[in-house]
Amino acid sequence: MPRTAVPAPASPVPRAADSDRRRTSASVVLRSVLEHGPVARSTVARLTGLSPASVTEHCARLTERGLIRESAAPRRSNGMGRPHVPVDLDDRRFLVAGVHVAVPYTTVALLDLRGRVVARRELRHERTEPARVLARAAEALAGLLAEVPGRRPLGVGVAVGGWVDRETGTVVEHELLGWREVPVRELLGARTGLPVRVDGHARALVHGERLFGRARGSRSVLHLFVGNMVDSAFATHDEVHYGPRSAAGAIAHLPVPGGTEPCACGRTGCLQAELSERTLCRRARAAGVTGAAD
Ligand SMILES: [Zn+2]
């Protein structure tokens, strides 16, 4: 960012900026409760750097919405002063739906707010036209939701390989599925009636691992995915990187010196063509290795 001595003009929309800031700190409080709960509000204030008053206010709103609750056992700090009733995530009411479109199949799942899988189903592709694949996913999700009456879905997260533009919710290109400029957010939103977030699978995994998995608490993560697709994602200083049209981390078509595999892009020896599961299985079979599926 260029530095400038010129003071920034006063925002013409201070209320929107305020509500953005409020939303951001609400999400900081919620993440802190997810990570440390059950946790005292005063500890959340210390961990997040927000004022105790503002943490108390956020906790009241999050409780009202059913996202957090006071946990059962009040804790006394050294037997002194008022007992602190810690707060924790309320994982009883809401669910989040997940859709992962892989090359041979789609997985749909329902997860609670701690990222634990409540129900899941795998749908092998009969055909890979986007409208068909997404319609089946929406149908399967509706089926799973019908099995857990009383739980409310907050939204759908979709992860797809290849080049995915999070901003527009579009799969820009996925050669193996034959998808190009597919408006996944729009298509699945229309079918489910839920808010939909779409991201590349490598980046979605980095987000997931940072929130719930092995990368919890890590500010920097590098993830390399090698399967039918080959791609990567990375985070530094607590930020997962996207780049223009969310193309950061695209390594599928890096040239491998001496590579001989033809790639769907028309060139020969691209990383994805050389390392993909299909290529490795074919070479293994050619070398006499047996017993591998596909
Ligand atoms: Zn290529």
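Our subject is the structure listed above.
Reference entry: report on the structure contained in this document. Bear in mind that the values here come from a model prediction, so they are computed numbers and not experimental data.

**Some details on a nonpolar patch on the surface**
Point 1. On the surface, a cluster of nonpolar side chains totalling about 260 Å² of accessible area is made up of L224, V226 and L275.
Point 2. Take L275: it is sitting in helix α7 (residues 271-275).
Point 3. With a relative accessible area of 34%, L275 lands in the partly exposed category.

**Looking at the packing of aromatic side chains**
Point 1. On inspection of all chains with the given rule, the structure shows zero aromatic pairs.
Point 2. The lysine or arginine in question, R166, covers the ring of Y242, its NZ or CZ lying 3.6 Å from the ring centre.

**Notes on the coordination of the zinc ion**
Point 1. Looking at the zinc ion, one finds its protein donor set to be H253 (ND1), C263 (SG), C265 (SG) and C270 (SG), positioned 2.0 to 2.3 Å from the metal centre.
Point 2. Relative to the metal, the four donor atoms surrounding the zinc ion lie at angles of 102 to 116 degrees, and the coordination shape comes out tetrahedral.
Point 3. For the zinc ion, all donor residues lie on one chain, and their spacing in sequence is H-x9-C-x1-C-x4-C. One end of the pair, H253, is in the loop between β15 (239-240) and α7; the other, C270, is in the loop between β15 and α7, with 17 residues separating them in the sequence.
Point 4. A residue is classified by how much of its surface remains accessible, and H253, at 27% relative accessible area, is partly exposed.
Point 5. Residue classification places C270 among the buried positions, given a relative accessible area of 2%.

**Topic: the pairing of strand β6 (residues 105-111)**
Point 1. With respect to burial, β6 is a largely interior element, five of its seven residues being buried.
Point 2. Pairing analysis gives six bridges linking strand β5 (residues 94-101) to β6, with the strands arranged antiparallel. Among the inter-strand pairings, H100 is bridged to a residue of β6, identified as T107.
Point 3. Between β5 and β6, which pair antiparallel and follow one another directly, the connecting turn spans three residues.
Point 4. Both β6 and strand β7 (residues 117-124) contribute to a ladder of seven bridges, which runs antiparallel.

**Re the sheet that holds strand β13 (residues 221-226)**
Point 1. Pairing in this open sheet of three strands is antiparallel, and the strands run β13-β14-β15 from one edge to the other. Edge positions in the sheet fall to β13 and β15, since each has one partner strand and no second.
Point 2. Where strand β14 (residues 230-236) meets β15, two bridges bridge the pair, whose relative direction is antiparallel. Following the sheet pairing, T236 is matched in β15 by E239.

**Notes on the layout of surface pockets**
Any empty space left between the atoms is revealed when a probe the size of a water molecule rolls over them.
Point 1. In this model, the second largest pocket occupies a volume close to 540 Å³.
Point 2. In terms of lining, the second largest pocket is formed by 20 residues, of which the most central are R31, E35, R210, L211 and D238.
Point 3. At the level of secondary structure, the elements contributing two or more residues to the lining of the second largest pocket comprise α1 (14-36), α2 (41-48), α6 (201-212) and β15.
Point 4. Examining the composition of the lining of the second largest pocket, we find that six residues originate from one element, α1, more than from any other.
Point 5. Residues belonging to the lining of the second largest pocket are distributed by class as follows: seven nonpolar, six polar and seven charged.

**A closer look at the environment of V206**
Point 1. One can find V206 in helix α6.
Point 2. Residues V206 and A233, 27 residues apart in the sequence, show an inter-C-alpha distance of 6.9 Å.
Point 3. Once residues within four sequence positions are removed from consideration, V206 is found in contact with V221, H223, A233, A235 and V240.

**Re the packing of α2 against helix α3 (residues 52-64)**
The axes of two packed helices give the description: the angle between them and the distance between them.
Point 1. With their axes 9 Å apart at the nearest point, α2 and α3 run at an angle of 120 degrees to one another. For the pair α2 and α3, the crossing hand works out as right-handed. Within the contact between the two elements, α2 uses R41, V44, A45 and T48 and α3 uses P52, V55, T56 and C59.

About the thresholds
- The numbers attached to residues start from 1 for each chain and follow its sequence in the written order.
- Local features are withheld for residues below a pLDDT of 70 in this predicted model, meaning they are given only at 70 or higher, and side-chain atom pairs are given and counted only at 80 or more; totals for whole chains, interfaces and linings count all residues.
- With hydrogens and water excluded, all non-hydrogen atoms of the structure serve as input to the side-chain values.
- What makes a patch is a set of residues exposed beyond 30% relative accessible area and free of salt bridges, joined within 9 Å when like-charged and within 5 Å when nonpolar (Val, Leu, Ile, Met, Phe, Trp, Tyr).
- Surface accessibility follows the Shrake-Rupley procedure with a 1.4 Å probe radius. Residue values consider only the protein chains on display as shielding.
- What makes a salt bridge here is a side-chain nitrogen of Lys or Arg within 4 Å of a carboxyl oxygen of Asp or Glu, nothing more.
- Helical segments are the DSSP runs of H or I of at least four residues, strand segments are the runs of E of at least two, and each set is numbered from the N terminus.
- Each residue is assigned to one of three classes by its accessible area relative to the maximum for its type, calculated with a 1.4 Å probe on protein chains only: buried under 20%, partly exposed between the two thresholds, exposed over 50%.
- Only Phe, Tyr and Trp rings are paired, with Trp represented by its six-membered ring, and only when their centres lie within 6.5 Å; those with planes under 30 degrees apart are stacked, over 60 edge-to-face, the remainder tilted.
- Ring-over charges, as used throughout, are those where CZ of Arg or NZ of Lys falls within 6 Å of the ring centre and within 35 degrees of the ring normal.
- Only nitrogen, oxygen and sulfur atoms qualify as donors, and only when within 2.8 Å of the metal (3.2 Å in the case of Na, K and Ca); with water excluded, sites may look incomplete.
- A site with four donors is called tetrahedral when every donor-metal-donor angle falls between 85 and 135 degrees; four donors are called square planar, and six octahedral, when opposite donors sit more than 155 degrees apart and all other angles fall between 65 and 115; any other arrangement is irregular.
- When DSSP finds two or more bridges between two strands, those strands count as paired.
- Points on a 1 Å grid, built from protein atoms alone, make a cavity when a 1.4 Å probe fits but cannot get out and make a pocket when they are open with protein on both sides within 12 Å along at least 5 of 7 lines; residues with an atom within 4 Å of a point are the lining residues.
- Grid points are joined across faces, edges and corners, and a volume is the space filled by probe spheres set on the points.
- Gly falls in the polar group here, along with every residue not listed as nonpolar (Ala, Val, Leu, Ile, Met, Phe, Trp, Tyr, Cys, Pro) or charged (Asp, Glu, Lys, Arg).
- Whether two residues touch is decided by their heavy atoms; if any such pair falls within 4.5 Å, the residues are in contact.
- In this description, a line fitted to the C-alpha atoms serves as the axis of each element, helices being fitted only across the stretch in contact, and the angle between N-to-C directions of two axes falls anywhere from 0 to 180 degrees.
- It is the rotation of the near helix from the far one that decides the hand of a crossing: anticlockwise by less than a right angle makes it left-handed, clockwise makes it right-handed.

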